[in-house]
Amino acid sequence: MVTRSWSLDATPTAASHARGLLKEHCAARHPQADPGRLRTALLLVSELVTNAVRYGDAPIDLEVVDGTERFRVNVSDHSAVLPVQQVVDLWSEGGRGIMLVETLSSSWGVIEHPGDGKAVWFELPPFATSP
């Protein structure tokens, strides 16, 4: 199992930075990765980091736990405000992020760190390990 961690600035470019870091990690560790699964991972990390920037408190940390039994991404921030799945309609401009995470991931959740924020995570089926 490989665990990688990065700190992200709470700026409008944080989601793009997180996608780049995750893409580099997967390219190095899983060069033959299914492109569809990789796109899903990139979309979901973007959603979680965007939520952390919009609703959380800095610093924001990104962690990837990449093993043969699971592929998990954790996004932590220092706000106690938990994500809320919203009911959205066709005309809503936001509120779909957690719905996407729930729909596209194998599982997801929130780990509360009392007095120190939370981590929102998702898991996907593991990528095949590189030779």
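Everything here concerns the structure above.
What you see is a predicted model, and the numbers here were worked out from it, not measured in a lab.

(A) Quick peek at the pairing of strand E2 (residues 60-66). Of all seven residues in E2, five are buried; the element is thus mostly enclosed. Here strand E1 (residues 2-8) pairs with E2 via seven bridges, running antiparallel. Looking across to E2, one finds that Thr3 is bridged to Val65. Where E2 meets strand E3 (residues 71-77), six bridges bridge the pair, whose relative direction is antiparallel. Directly across from Asp61, in E3, lies its bridge partner Ser76.

(B) Expanded view of the pattern of salt bridges. Under the definition given, this model contains four salt bridges. With a closest N to O distance of 3.2 Å, Glu123 and Arg70 form a salt bridge. Of the two residues, Glu123 sits in strand E5 (residues 118-124) while Arg70 sits in the loop between E2 and E3, which places them 53 residues apart along the sequence. On the basis of relative accessible area, Glu123 is assigned to the buried category, the value being 16%. Under the relative-accessibility criterion, Arg70 is labelled partly exposed at 30%. Notably, a salt bridge pairs Asp77 with Lys118, separated by 3.0 Å at the nearest N-O pair. Of this pair, Asp77 sits in strand E3 while Lys118 sits in strand E5; the two residues are 41 residues apart in sequence, bridging distant segments of the chain. Across this residue pair, the class does not change: Asp77 and Lys118 are buried. One continuous salt-bridge network, built from bridges that share partners, spans Arg70, Arg72 and Glu123.

(C) Spatial organisation of the environment of Asn51. You can see Asn51 is positioned in helix H2 (residues 35-55). C-alpha separation for the pair Asn51 and Ile98, spaced 47 residues apart in sequence, amounts to 8.9 Å. In contact with Asn51, other than residues within four places in its own chain, are Gly56 and Ile98.

Rules used in this analysis
- Residues numbered from 1 in each chain as written.
- Predicted model: local features only at pLDDT ≥ 70, side-chain atom pairs only at ≥ 80, totals over all residues.
- Heavy atoms only, no water.
- Buried < 20%, exposed > 50% of the residue type's maximum accessible area, 1.4 Å probe, protein only.
- Helix = DSSP H or I, 4+ residues; strand = E, 2+ residues; numbered from the N terminus.
- Pairing = 2+ DSSP bridges.
- Salt bridge = Lys/Arg side-chain N within 4 Å of Asp/Glu carboxyl O.
- Contact = heavy atoms within 4.5 Å.

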